[in-house]
Amino acid sequence: MTTFSFLTDIIPNETSELPQTSGQEAHPDEHHLRWNLDQIRYKLFILSGKGGVGKSSVAVTLALALARRGFDVGLLDVDLHGPDVYRMLGLGKPLSLIHGEHSLPEDLKHLKIISVEAMMQNRDAAIIWRGAVKHKIIRQFLSQIEWEALDFLIIDAPPGTGDEHLAIAESIPEARAVIVSTPQEISLADVRKSINFCQKIGLQIIGVVENMGHVVCADCGTSIPLFRSGVGDQAMRSLNLNLLGSLPFDPQIVAAADDGRLKDLDPADSPFFQELDTVLNNIFTAVGQTEPQKSLAAGEPGVTRFAVPVQDGRLAEQFSQNQHFALITVRRNQIVEQREAIPPDFKPGILPAWLKREGVTHIIAAGLKTSVQDFFNRQGLTVILASSGLSPETLVKQHLDNLSAKND
Ligand SMILES: Nc1ncnc2c1ncn2[C@@H]1O[C@H](COP(=O)(O)OP(=O)(O)OP(=O)(O)O)[C@@H](O)[C@H]1O
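How each quantity is defined
Residues numbered from 1 in each chain as written. Predicted model: local features only at pLDDT ≥ 70, side-chain atom pairs only at ≥ 80, totals over all residues. Heavy atoms only, no water. Phe/Tyr/Trp six-rings, centres within 6.5 Å; stacked < 30°, edge-to-face > 60°. Helix = DSSP H or I, 4+ residues; strand = E, 2+ residues; numbered from the N terminus. Buried < 20%, exposed > 50% of the residue type's maximum accessible area, 1.4 Å probe, protein only. Pairing = 2+ DSSP bridges. Salt bridge = Lys/Arg side-chain N within 4 Å of Asp/Glu carboxyl O. Contact = heavy atoms within 4.5 Å. Near = heavy atom within 4 Å. Polar contact = N/O pair within 3.5 Å; in protein donor to acceptor, adjacent residues only side chain to side chain. Areas by Shrake-Rupley, 256 points an atom, 1.4 Å probe, with all protein chains shown as cover. Nonpolar A, V, L, I, M, F, W, Y, C, P; charged D, E, K, R; others polar.

Chemist: Is there a simple way to explain the packing of aromatic side chains in this structure?
Modeler: Each aromatic ring pair is summarised here by two numbers: the centre-to-centre distance and the angle between the ring planes. For the structure shown, the criterion picks out seven aromatic pairs. Seen in terms of ring centroids, Y42 and F152 are 5.0 Å apart; in terms of plane orientation they differ by 40°. Their pairing is tilted. Taken together, the residues Y42 in strand β2 (residues 40-47) and F152 in strand β6 (residues 150-156) connect sequence positions 110 residues apart. Judged on exposure class, the residue Y42 and its partner F152 are both buried. Between F71 and F284, the ring centres sit 5.6 Å apart and the planes meet at 45°, which makes this aromatic pair tilted. One end of the pair, F71, is in the loop between α2 (55-68) and β3 (73-77); the other, F284, is in helix α9 (residues 271-287), and 213 residues separate them in sequence.

Chemist: Teacher, can you tell me more about the pairing of β2 here?
Modeler: Sheet faces and side chains relate simply in a regular strand, where the side chains alternate between the two faces. In terms of burial, β2 is largely enclosed, as seven of its eight residues are buried. Pairing geometry for β2 and strand β7 (residues 176-181), over four bridges, is parallel. Paired with I46 across the strands is V178, a residue of β7.

Chemist: I would appreciate a short explanation of the pattern of salt bridges in the present structure.
Modeler: In this structure the tally under the stated criterion is 14 salt bridges. A salt bridge links D156 to K55; the shortest N-O distance between them is 3.3 Å. Note that D156 is positioned in strand β6 and K55 in helix α2, a separation of 101 residues in sequence. K55 shares its class with D156; the two are buried. As a salt-bridge pair, D264 and K263 come within 3.8 Å of each other at their nearest N and O atoms. Sharing partners across several salt bridges, the network here consists of R34, D38, K43 and E174.

Chemist: I would appreciate a short explanation of the pairing of strand β11 (residues 243-247) in the present structure.
Modeler: Counted residue by residue, β11 has four buried out of five residues, so it is predominantly covered. The pairing of strand β8 (residues 204-211) with β11 spans four bridges and is classified as parallel. Paired with V208 across the strands is L243, a residue of β11.

Chemist: I would appreciate a short explanation of the environment of H32 in the present structure.
Modeler: Relative to the helices and strands, H32 resides in helix α1 (residues 30-38). The class of H32 is partly exposed, set by a relative accessible area of 35%. Spatially, the C-alpha atoms of H32 and Q140 are 9.8 Å apart, while their sequence positions differ by 108 residues.

Chemist: When you look at the side chain of H165 in this model, what are you seeing that I'm missing?
Modeler: Looking at the element boundaries, H165 is found in helix α5 (residues 163-171). Excluding anything up to four places from it in sequence, H165 contacts F45, L47, A157, P158, P159, G160 and F197.

Chemist: Just to check I follow, could you spell out the site of the ligand for this structure?
Modeler: By nearness alone, 20 residues border the ligand, and S56, S57, N211, P248 and D250 come closest of all. Between an oxygen atom of the ligand and a main-chain N or O atom of V53, the distance comes to 3.1 Å. Here a nitrogen atom of the ligand and a backbone polar atom of P248 are 2.9 Å apart. Alone, the ligand offers 630 Å² of accessible surface; in the complex the protein occludes 84% of this. Residues belonging to the shell around the ligand are distributed by class as follows: ten nonpolar, six polar and four charged.

See below:
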């Protein structure tokens, strides 16, 4: 569940009044912001120099495709003046600020979405906010929403390079930019501005998605260019950018986005979604995500994942830096998957977040102090104490045997 009650004090009701803020306040949320962001593995910032090139469509469909592959995904719409994400997905009802919470439909269980549009009682109201207010709202989206452990956060920005972009770049310096463009010289000129912006503020660009440059013939599957051919390719080469993929113009995308049915389109019937797979795979390569499919989703019914700190293939006597964990997945009392992984750090703020991101539900460990056990328990991780020296597989099997003996 994502909670939003904090927004009552910053979102004007039905009007475009400015909330009172100097914009100069120190951010008491700094700690929470870092805590939240440390739990998110990859942050992708979707940009375009020009409006209407399909940036929101790419952001939304990337988020859908990732969630369908089992990744935990957050989609943040920071296009404060023209938020479209909520509309494209048909998430009709405005968020109830009285109850301060909102739950997403079951079929989007791997996807969390937040857009300023979700909070507007009147969606046609113009939003007139100064830079400082935008900055504050974006910081609050990032620091006060309980995003929890995510594999990907997709951020949809307005066109151009304005306050929203600066707020994101300052708050998430580790975000990586994906630039969306159509293959026309007029759009590509704006791409150069986006590149310049990213370079000036030190945002890493992972590549460009070319959109609506061709159509795919429904009868013969031939690709028919809609613009002067070669313009996009030449520009990518001259800008030294990675082309992540070329998405076709697909009339189903327009109709589905207009009707709020983007999430209902069958990817198998859509040339756009088929080509989006190439974009996704190129993004995985660029960010170093080795598995294009999350093997088994954390929290799936009947699935538990054990983390066992190991040394020389056996349960380690204690936690130590650079230690491997055996991650063992159990489904219906059977071990279905086993692999090793190393956490990025052993700090209290990092280790539980990493374990949760890896879908871990149980830790098997030796000699953990009660205070450390309580700490993991508070993070929703069950601790099972065992003696060191046995293999992780044996320990998990012993635990499963003990459980079934108790149930008999
Ligand atoms: N590949 C595509 N095929 C067909 N229609 C598309 C495609 N990509 C985007 N569209 C349509 O083009 C229009 C503009 O797309 P979108 O809103 O995603 O652009 P944008 O760059 O985010 O615009 P802005 O930032 O100005 O809001 C929408 O109607 C959308 O449905």
